[in-house]
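In case you want the letters, here they are:
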Amino acid sequence: MKKSTAYTESVEQTHQLGERIGKAAEGNMVLLLSGDLGAGKTTLTQGIAKGLGVKRNVTSPTFTILKIYRGRMPLYHIDAYRLEGVTQDLGFEELMEDDGLTVIEWSQFIPELIPDEYLSVSIRLKDEDQREFEFEAVGERYEKLLEAIL
Ligand SMILES: Nc1ncnc2c1ncn2[C@@H]1O[C@H](COP(=O)(O)OP(=O)(O)OP(=O)(O)O)[C@@H](O)[C@H]1O
Ligand SMILES: [Mg+2]
């Protein structure tokens, strides 16, 4: 396991951080994003999408739970905020095994779906425009990904 921390001072910098993740990500990877409402999970995902070459604008999937975007590989953007306590199988496991990048906001609400290996990003609001990103990479592929983005 490998840990690292990064800071951004603006939405633009968070987009750039995300873009580096999107560029370095490989197929069949899972990113777990946590942090309070408005921390910047969706903002980071917008950058990830850009790094994957997604042209469409990424918006918060809160009401739809899952949005799929087409880039150099598919981006599966899941927002589990509304899934707290939901136990029925929504088919996410199959998605995560697919050759795309799965980004999950509020993954703590679907603990049974957290895979053995992942990159988790815990975002903290430091100031109005300042955010702290605490990365935890579990598994060799994710440790390499973390090295590539920081
Ligand atoms: N450095 C920064 N990085 C990211 N967002 C920032 C930053 N500074 C200010 N912001 C603002 O913080 C908010 C982040 O919102 P965002 O939708 O990304 O949060 P979220 O974590 O996805 O929230 P939710 O849990 O509601 O989905 C935006 O309004 C954005 O403009
Ligand atoms: Mg969000």
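This one's a predicted model, so the numbers in the text were calculated from it and none came from an experiment. (Residues numbered from 1 in each chain as written. Chains lettered and ligands numbered in written order. Predicted model: local features only at pLDDT ≥ 70, side-chain atom pairs only at ≥ 80, totals over all residues. Heavy atoms only, no water.)

A. The side chain of Asp 79, seen in detail. Looking at the secondary structure, you find Asp 79 in strand β4 (residues 74–79). Buried charge Asp 79 goes without a salt bridge, the closest partner of opposite sign being Arg 82 at 6.7 Å. Engagement of the side chain of Asp 79 in a polar contact is seen with the backbone nitrogen of Tyr 81, the distance being 3.0 Å. (Helix = DSSP H or I, 4+ residues; strand = E, 2+ residues; numbered from the N terminus. Buried < 20%, exposed > 50% of the residue type's maximum accessible area, 1.4 Å probe, protein only. Lys, Arg positive; Asp, Glu negative; His and termini not counted. Salt bridge = Lys/Arg side-chain N within 4 Å of Asp/Glu carboxyl O. Polar contact = N/O pair within 3.5 Å; in protein donor to acceptor, adjacent residues only side chain to side chain.)

B. Structural view of the pattern of salt bridges. All chains considered together, the criterion is met by 9 salt bridges. One salt bridge in this structure joins Glu 19 and Lys 50, with 3.6 Å as the shortest N-O distance. Of this pair, Glu 19 sits in helix α1 (residues 11–24) while Lys 50 sits in helix α2 (residues 41–51); the two residues are 31 residues apart in sequence, bridging distant segments of the chain. Between Arg 141 and Glu 26 there is a salt bridge; the shortest N-O distance is 3.3 Å. One end of the pair, Arg 141, is in helix α4 (residues 140–149); the other, Glu 26, is in the loop between α1 and β2 (29–34), with 115 residues separating them in the sequence. What makes Glu 26 partly exposed here is its relative accessible area of 43%. Overlapping salt bridges, with partners in common, bring together Arg 124, Lys 126, Glu 132 and Glu 134 in one network.

C. Region of the structure containing the environment of Arg 124. Tracing the backbone shows Arg 124 in strand β6 (residues 118–125). Taking the C-alpha atoms as reference, Arg 124 lies 26 Å from Glu 26; in sequence the two are 98 residues apart. With sequence-adjacent residues up to four places away left out, Arg 124 is seen in contact with Gln 130, Arg 131, Glu 132 and Glu 134. (Contact = heavy atoms within 4.5 Å.)

D. Quick look at the coordination of the magnesium ion (ligand 2). Taken together, the protein ligands of the magnesium ion (ligand 2) are Thr 42 (OG1) and Glu 105 (OE), with distances of 2.1 to 2.3 Å. Residue Thr 42 is found in helix α2, and its partner Glu 105 is found in strand β5 (residues 101–105); the two are separated by 63 residues along the sequence. Residue classification places Glu 105 among the buried positions, given a relative accessible area of 3%. (Donors = N, O, S within 2.8 Å, 3.2 Å for Na, K, Ca; no water.)

E. Expanded view of the site of ligand 1. Thr 14, Lys 41, Thr 42, Thr 43 and Asp 129 are the nearest of the 19 residues found near ligand 1. In this structure, Ser 10 approaches ligand 1 through a main-chain N or O atom, which is 3.1 Å from a nitrogen atom. Between ligand 1 and Thr 42 there is a distance of 2.8 Å, counted from an oxygen atom to a backbone nitrogen or oxygen. Out of a free accessible area of 650 Å², ligand 1 has 76% covered by protein chains. Elements with a contribution of two residues or more to the shell around ligand 1: α1 and α2. Class assignment of the residues belonging to the shell around ligand 1 gives a composition of 4 nonpolar, 7 polar and 8 charged. (Near = heavy atom within 4 Å. Areas by Shrake-Rupley, 256 points an atom, 1.4 Å probe, with all protein chains shown as cover. Nonpolar A, V, L, I, M, F, W, Y, C, P; charged D, E, K, R; others polar.)

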